[in-house]
Amino acid sequence: MAAGPLTTEAGAPVADNQQSQSAGPGGPVLIQDQLLIEKLAHFNRERIPERVVHARGAGAYGTFTVTADVTRWTRAKFLSEIGKETETFLRFSTVAGNLGAADAVRDPRGFALKFYTEEGNYDLVGNNTPVFFIRDAIKFPDFIHTQKRDPYTGSQEADNVWDFWGLSPESTHQVTWLFGDRGIPASYRHVDGFGSHTFQWTNEAGEVFWVKYHFKTDQGIKNLTAAEAAVLAGTDPDSHQRDLRESIERGEFPSWTVQVQIMPAAEAATYRFNPFDLTKVWPHADYPPIEIGKLELNRNPENVFAEVEQSIFSPHHFVPGIGPSPDKMLQGRLFGYGDAHRYRVGINADQLPVNRPHATEANSHGRDGAAYDGRHGRAKNYEPNSFGGPAQTDRPLWEPTPVQGVTGDHVTPLHAEDDDFVQAGNLYRLMSEDEKDRLIENLAGSIAAVSRDDIAERAIENFRKADEDYGKRLQTAVQALRA
């Protein structure tokens, strides 16, 4: 802010910012005191509704650089040539905690990335895990309610958490991730990121490919034990946010190697399990990751509220050559995220500096609403028009997906190897004995807090179905704690 006289919000100079006006030296305060009324009214409105999930976060600007030719798979211009750079903004977050919660807790980490491309903004909204707890967005509000505060106790309740997970066996894979060593990262710089969902890529010829994104941290994976996290969360609740900001201030710019898995569209129908199921990964042996770029974070926001709290990310922000898949969780998020931002930040949230396109201009017919800045001037607000207004391109951003059958509440058709437990068991068996010990300890400590035996037993049974040893060791550990 430039030096000079202090002013009101309307620009009038302020004579005294230390005492409010009053009726005489000891009299009551006057309502005519413009500065006092303005400051108090502004203060009362400084907060906006926090995010229902991912409320606690930190962010930074950076650069994405293409390192491989991917034009055989997508016509997205920001991926069109090796060496091409695109400005980005990345917001990290925890999921369940409120805005004032500690960073060093057991929780997935949000990995929301905005590419400011010349064809508009592309948002990739993922996590630090390649899978999720559920596969259908209709269960999302119920799931999040179990992770938040109970309406009666006002606290997070183990009964709610494990009742839902036990009754939702598809969560077993993600829960194994969450209670393993990667459940509490040491910092945001030391996590991998994933698009998690399956997305569509389309090339110039109109050929369709299904793709999954991977961001591999160049700093290496680094985690905290439950004991280390408990100390850090109590002594420095802002540990992850501080670490990210200070590393960039030191010039130690964190980076990630960007990879994709590519599946030709024709292979999806006969693949051994549903490739659009968010609770499953594509084995690398089937679709090896291909390196396509490098992501570096190199600039901190100047104002956390304006640029981190008011930043918005929506999976429906696609660009030509990239689109959605039939993933039912993704389909729900296409509506849910945009709607959350319209409620939380406002109908013109997309035009705030952190959210608006940086490499092109938004050219829509949207007008008015809170915080509208009149940027359209006298331009007409309808289409088609004969006054030189913007017009449609007649070329969809992505290719249509074939569908068949009647409308209704359908169960997703099973593929040959669809199963809720196989990949959770595979993940358990990949762990070393030390990793298994910590996983069992973490899970047992949480399940032992459940008040009802039937909820605890049902939860343990899901892990037994994933791997007999997994379930047996967990049952023994829970029984020891509950005794």
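Details of the structure are given in the entry above.
Residues numbered from 1 in each chain as written. Predicted model: local features only at pLDDT ≥ 70, side-chain atom pairs only at ≥ 80, totals over all residues. Heavy atoms only, no water.

Scanning the chain from terminus to terminus reveals 12 helices and 10 strands. For 483 residues, the compact-globule estimate of 2.2 N^0.38 gives 23 Å, and the C-alpha radius of gyration of the chain, at 25 Å, lies within 12% of that figure. Taking the principal axes of its C-alpha atoms as reference, the chain extends roughly 80 × 65 × 50 Å. In the chain, the share of contacts with a sequence separation of at least 24, taken over all contacts with a separation of at least 6, comes to 74%. When the accessible area of the chain is evaluated, it comes to approximately 24200 Å², of which 53% is carbon and sulfur surface. Positive and negative side-chain charges of the chain, numbering 49 and 68 respectively, have mean locations separated by a distance of 1 Å. (Helix = DSSP H or I, 4+ residues; strand = E, 2+ residues; numbered from the N terminus. Rg over C-alpha atoms; globule rule 2.2 N^0.38 Å. Contact = heavy atoms within 4.5 Å. Areas by Shrake-Rupley, 256 points an atom, 1.4 Å probe, with all protein chains shown as cover. Lys, Arg positive; Asp, Glu negative; His and termini not counted. Charge placed at Lys NZ, Arg CZ, Asp CG, Glu CD.)

Spanning 14 residues, helix H11 (residues 453–466) covers 20 Å between terminal C-alpha atoms, matching the ideal 20 Å at 1.5 Å per step. Every buried residue of H11 is accounted for by Ile455, Ala456, Ala459, Ile460, Asn462, Phe463, Arg464 and Ala466. Structurally, H11 contributes buried residues whose contacts are with helix H3 (158–167), helix H4 (172–179), helix H9 (422–430), helix H10 (433–447) and helix H12 (468–482). (Expected span 1.5 Å × (residues − 1). Buried < 20%, exposed > 50% of the residue type's maximum accessible area, 1.4 Å probe, protein only.)

This paragraph deals with the side chain of Arg56. Relative to the assigned elements, Arg56 resides in the loop between helix H1 (34–44) and strand S1 (57–66). Among the polar contacts made by the side chain of Arg56, one reaches the main-chain carbonyl oxygen of Ala101 at a distance of 3.1 Å. (Polar contact = N/O pair within 3.5 Å; in protein donor to acceptor, adjacent residues only side chain to side chain.)

In this section: the nonpolar core. Core analysis: the largest hydrophobic core is formed by 40 residues, its most contacted members being Trp162, Trp165, Leu443, Ile447 and Leu474. Counting residues per element, the ones that place at least two in this core are helix H2 (140–147), H3, H4, H9, H10, H11 and H12. If you look at the next biggest cluster of nonpolar residues, it comprises 38 residues, including Val66, Phe209, Phe215 and Val260. (Core = buried A, V, L, I, M, F, W, Y, C linked by side-chain atoms within 4.5 Å.)

As a further point, take helix H6 (residues 239–249). Restricting attention to buried positions, one finds in H6 the residues Ser239, His240, Leu244, Ser247 and Ile248. The buried residues of H6 all sit within an arc of 155° when viewed along its axis, so they share a single face. Buried positions along H6 lie against S1, strand S2 (85–94), strand S3 (109–117), helix H5 (226–235) and strand S9 (290–299). Gly251 sits one or two positions beyond H6 and adopts a positive phi of about 85°. (Arc of directions from axis to C-beta.)

Attention shifts here to the pattern of salt bridges. Taken as a whole, this structure holds 35 salt bridges when the rule is applied. Residue Arg299 is joined to Glu87 by a salt bridge in which the shortest nitrogen-to-oxygen separation is 3.3 Å. On the criterion of sequence distance, the pair formed by Arg299 in strand S9 and Glu87 in strand S2 is long-range, its members being 212 residues apart. One salt bridge in this structure joins Arg464 and Glu461, with 3.1 Å as the shortest N-O distance. One end of the pair is Arg464 and the other is Glu461, both in helix H11 and 3 residues apart, which spans about a single turn. (Salt bridge = Lys/Arg side-chain N within 4 Å of Asp/Glu carboxyl O.)

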